[in-house]
Amino acid sequence: MRLLACATFRYKEDHGGLVGKLLAAGALPAGATTTVHAGKPEERLGLYDLASV
């Protein structure tokens, strides 16, 4: 099912947890992060260079 969802662009992976942990540990500078889907229920942290909206 995930393959079908990816093929139809309906599945989006959420890396917000990992980004948050790296940020908290100091392994990732704040400038390398962005908020994806700001103000919406699916709001999450993302990597600035990799975020797609």
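Higher on the page you've got the structure.
Parameters and conventions
- Residues numbered from 1 in each chain as written.
- Predicted model: local features only at pLDDT ≥ 70, side-chain atom pairs only at ≥ 80, totals over all residues.
- Heavy atoms only, no water.
- Buried < 20%, exposed > 50% of the residue type's maximum accessible area, 1.4 Å probe, protein only.
- Helix = DSSP H or I, 4+ residues; strand = E, 2+ residues; numbered from the N terminus.
- Pairing = 2+ DSSP bridges.

**Q** Help me understand the pairing of strand β2 (residues 44–47), please; the structure alone is not making it clear to me.
**A** On a regular strand, one side chain projects to one face of the sheet and the next to the other, so that they alternate. Residues R44 and G46 line the buried face of β2, whereas the alternating positions L45 and L47 sit on a face that is not buried. Bridge count between strand β1 (residues 33–36) and β2: 4 bridges; the pairing is antiparallel. Each bridged residue has a counterpart across the sheet, and for T33 the counterpart in β2 is L47.

**Q** How do you make sense of unusual backbone geometry when you look at a structure like this?
**A** Excluding glycine, residues mostly have negative phi values, and the peptide bonds linking residues are mostly trans. Its identity as a non-glycine residue notwithstanding, H37 has a phi of 60°, on the positive side. Within the secondary structure, H37 sits in the loop between β1 and β2. Taking the relative accessible area as the measure of exposure, H37 reaches 13% and is therefore buried.

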